[in-house]
Amino acid sequence: MGALKYTTIIKDPIHGYIRLYEHEKCLIDTAPFQRLRRISQLPTSQYVYPSANHTRFSHSLGVMYVSGVFAENLYSDEDEVESSERSRLLVVARLIGLLHDIGHGPFSHTFEDHVLIPRGLNHEVMGGKIVREHPEIVRCFEKCIEKEFNVSVEHVSKAIESPVLETWPFRSKVGNVSEVPLYYVIKGPYSADIIDYLLRDSYFTGANYGLGLDWTRLAYHSKIVGDSLVLEYKARDVLDHLLLARLYMFKTVYYHKTSRAFDKVLGTILQKTEQVLRIPEALEQPELYTELDDSYVLANPDIRKLEEARYVLNRIIPYKLVYEIIQPLEKVSSTLIKIGRSLIEGIIKEEFSKLAGALDDEAVFVDSPRLPTNPMFEEAEISILKPDGSITKTPIRETVAGIMPHEVNFFRVYLHRKHIDYLDRLRTRVTALFGSADELRPFY
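Treat the numbers as computed from the prediction; the structure is a model and nothing was measured.

1. Brief notes about the sheet that holds strand β5 (residues 222-225)
And step 1. Overall, mixed pairing links the four strands, which are arranged β5-β6-β9-β10 in an open sheet. For this open sheet the edge positions go to β5 and β10 (391-395), each flanked by a neighbour on one side alone. Looking at each pair of strands side by side, their axes are set apart by 40° on average, direction ignored.
And step 2. For strand β9 (residues 381-385) and β10, the ladder comprises five bridges, and the chain directions are antiparallel. Along β10, the bridge assignment pairs Glu 381 with Pro 395.
And step 3. Taken strand by strand, helix α3 (residues 56-76) contacts β5 and β6 (228-232), and its axis lies near 55° from that of β5.
And step 4. In this fold helix α13 (residues 236-254) packs onto β6 and β9, with an angle of close to 160° to the strand it touches most, β9.

2. Topic: the packing of helix α22 (residues 341-356) against helix α24 (residues 423-434)
And step 1. For the pair α22 and α24, interaxial distance at closest approach is 10 Å and the crossing angle is 140°. The angle between α22 and α24 falls in the class oblique. For the pair α22 and α24, the crossing hand works out as right-handed. Of the residues in α24, those in contact with Ile 344, Ile 347, Ile 348, Glu 351, Phe 352, Lys 354 and Leu 355 of α22 are Arg 425, Leu 426, Arg 429, Val 430, Leu 433 and Phe 434.
And step 2. Partitioning the contact of α22 with α24 into residue classes produces nine nonpolar, no polar and four charged.

3. Looking at the state of the cysteines
And step 1. Overall, the coordinates contain one disulfide when judged by the stated rule.
And step 2. Linked covalently through their sulfurs, Cys 26 and Cys 140 form a disulfide whose S-S length is 2.1 Å. Measuring handedness by torsion sign, the sulfur bridge of Cys 26 and Cys 140 sits at about -90° and is left-handed. Of this pair, Cys 26 sits in helix α1 (residues 22-28) while Cys 140 sits in helix α7 (residues 135-144), and the two are 114 residues apart along the sequence.
And step 3. With no disulfide of its own, Cys 144 lies 4.2 Å from the sulfur of Cys 26, the closest cysteine sulfur.
And step 4. Take Cys 144: its relative accessible area is 16%, and that puts it in the buried class.

4. Thoughts on the side chain of His 416
And step 1. Relative to the helices and strands, His 416 resides in strand β11 (residues 407-416).
And step 2. Since its relative accessible area comes to 6%, His 416 is described here as buried.
And step 3. There is a polar contact of 3.4 Å between the side chain of His 416 and the side chain of Tyr 311.
And step 4. Those residues in contact with His 416 that sit more than four places away from it in its chain are Tyr 311, Pro 318, Tyr 319, Glu 362 and Ala 363.

5. With respect to a nonpolar patch on the surface
And step 1. Judged by side-chain polarity, Leu 343, Ile 347 and Leu 433 come together as a nonpolar surface patch covering roughly 250 Å² of accessible area.
And step 2. Take Leu 343: it is sitting in helix α22.
And step 3. For Leu 343, a relative accessible area of 48% translates into the label partly exposed.

6. A few points about helix α14 (residues 257-272)
And step 1. Taking 1.5 Å per residue as the helical rise, α14 with its 16 residues ought to reach 22 Å, and the 23 Å between its terminal C-alpha atoms agrees with that figure.
And step 2. Of all 16 residues in α14, 13 are buried, a share of seventy percent or more.

7. Observations concerning the environment of Phe 57
And step 1. Residue placement: Phe 57 occurs in helix α3.
And step 2. On the basis of relative accessibility, which here comes to 9%, the residue Phe 57 falls in the buried class.
And step 3. Placed 41 residues apart in sequence, Phe 57 and Leu 98 show a C-alpha to C-alpha distance of 9.1 Å.
And step 4. When residues no more than four places from it in sequence are discounted, the contact partners of Phe 57 are Ile 28, Phe 33, Gln 34, Leu 36 and Arg 37.

8. Describing the pattern of salt bridges
And step 1. Under the criterion given, the structure shown has 25 salt bridges.
And step 2. A salt bridge links Arg 236 to Asp 240, with the nearest nitrogen and oxygen atoms 3.4 Å apart. With Arg 236 and Asp 240 both in helix α13 and four residues apart, the pair spans about one turn of that helix.
And step 3. Looking at Arg 236, the relative accessible area reads 26%, which means it is partly exposed.
And step 4. Take Asp 240: its relative accessible area is 18%, and that puts it in the buried class.

Cut-offs and rules
- Residues numbered from 1 in each chain as written.
- Predicted model: local features only at pLDDT ≥ 70, side-chain atom pairs only at ≥ 80, totals over all residues.
- Heavy atoms only, no water.
- Pairing = 2+ DSSP bridges.
- Helix = DSSP H or I, 4+ residues; strand = E, 2+ residues; numbered from the N terminus.
- Axes fitted to C-alpha atoms, helices over the stretch in contact; angles between N-to-C directions.
- Contact = heavy atoms within 4.5 Å.
- Parallel < 35°, antiparallel > 145°, perpendicular 65-115°, else oblique.
- Left-handed = near helix turned anticlockwise from the far one by under 90°.
- Nonpolar A, V, L, I, M, F, W, Y, C, P; charged D, E, K, R; others polar.
- Disulfide = S-S within 2.5 Å.
- Buried < 20%, exposed > 50% of the residue type's maximum accessible area, 1.4 Å probe, protein only.
- Polar contact = N/O pair within 3.5 Å; in protein donor to acceptor, adjacent residues only side chain to side chain.
- Patch = residues over 30% accessible without salt bridge, like charges linked within 9 Å, V, L, I, M, F, W, Y side chains within 5 Å.
- Areas by Shrake-Rupley, 256 points an atom, 1.4 Å probe, with all protein chains shown as cover.
- Salt bridge = Lys/Arg side-chain N within 4 Å of Asp/Glu carboxyl O.
- Expected span 1.5 Å × (residues − 1).

This is the structure we're talking about:
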């Protein structure tokens, strides 16, 4: 196995100094990875929090670093793991952390929600495709990763794509120690990805919920038991901090009403300009896909002619909140999930057309979070190692994060400002459909 050689030191505002290995620098210097400098981490939050202009590039470096700290701590105490194998596991963890977001499109999750998901894709699927097929990435693996560290491009791409533990490709035994727990380092309920975005998003928005998170305590007190990752009881307080920080960042930052209005506008731009951007072709050709970024979209002269582009470029908020309710968890499954957002939106559009006497498809939109983004809808369990050596599995809903907040699901109705004269009448009709005024509990 090749020796690990540091080649570069990066100064990061979240983690301090991050050292890079030679093979990592090879990947970072490729066009697909450099493109992440031009993809916003929170593309619509900057219209609420002016400093939230950090990128997927810096986040990916942070996830790489955190993944490495976890891997070092998980395997350092295992006597049966040889030094060379520990190095390989470190390489694997950092590689997947580094490349986990390489498949994001322009405006990150906005592109995912409005372009990829309707096609049955997501940024992880696209990331796996880019790692597997983009010639610059493949060249780095062939030149300084596959033979040096026995880590194949196929395995890394499958790990990036893997939606569940059952499809995780790293399943070998190193002595009596399993590679499988690396899945939790990258995709678990307190993963390196979650840790870095909570810290980074808190820092750049100023929301602060994730600042001060003692995440290294989670790394030091995580242990491998069989194929599972378990957390010692003494780090439970840090886990509670992480889960609560994630929930409140979701409520106050990721689903801020103004941010969500701009998400709708950017989504409309992407949908209207799919042919201009050659999106159907780009989804099949990694080299074409990696030309797409935030700047590429908004700098296009044809796109700049759109009314929606003017809203974004000049921070004009085109939608006014008509109605908002934040639902108790126990009521969600019997309302929005059961009925479906598109059906609800159709009903409200019909109500508006009755008021206005005309149809306008852009007049109204309904916003409710895509459930996997809401931490309280996850089915994940966290394994806690107790003082007596027993292990208990606790669903996220039953942690302190599930006990304290009572309202966790947003349901909002917006009206385009050009129809502002109908605001009060539409609000009255929507309230009659979904709840009286005294049942509402506005959050903002």
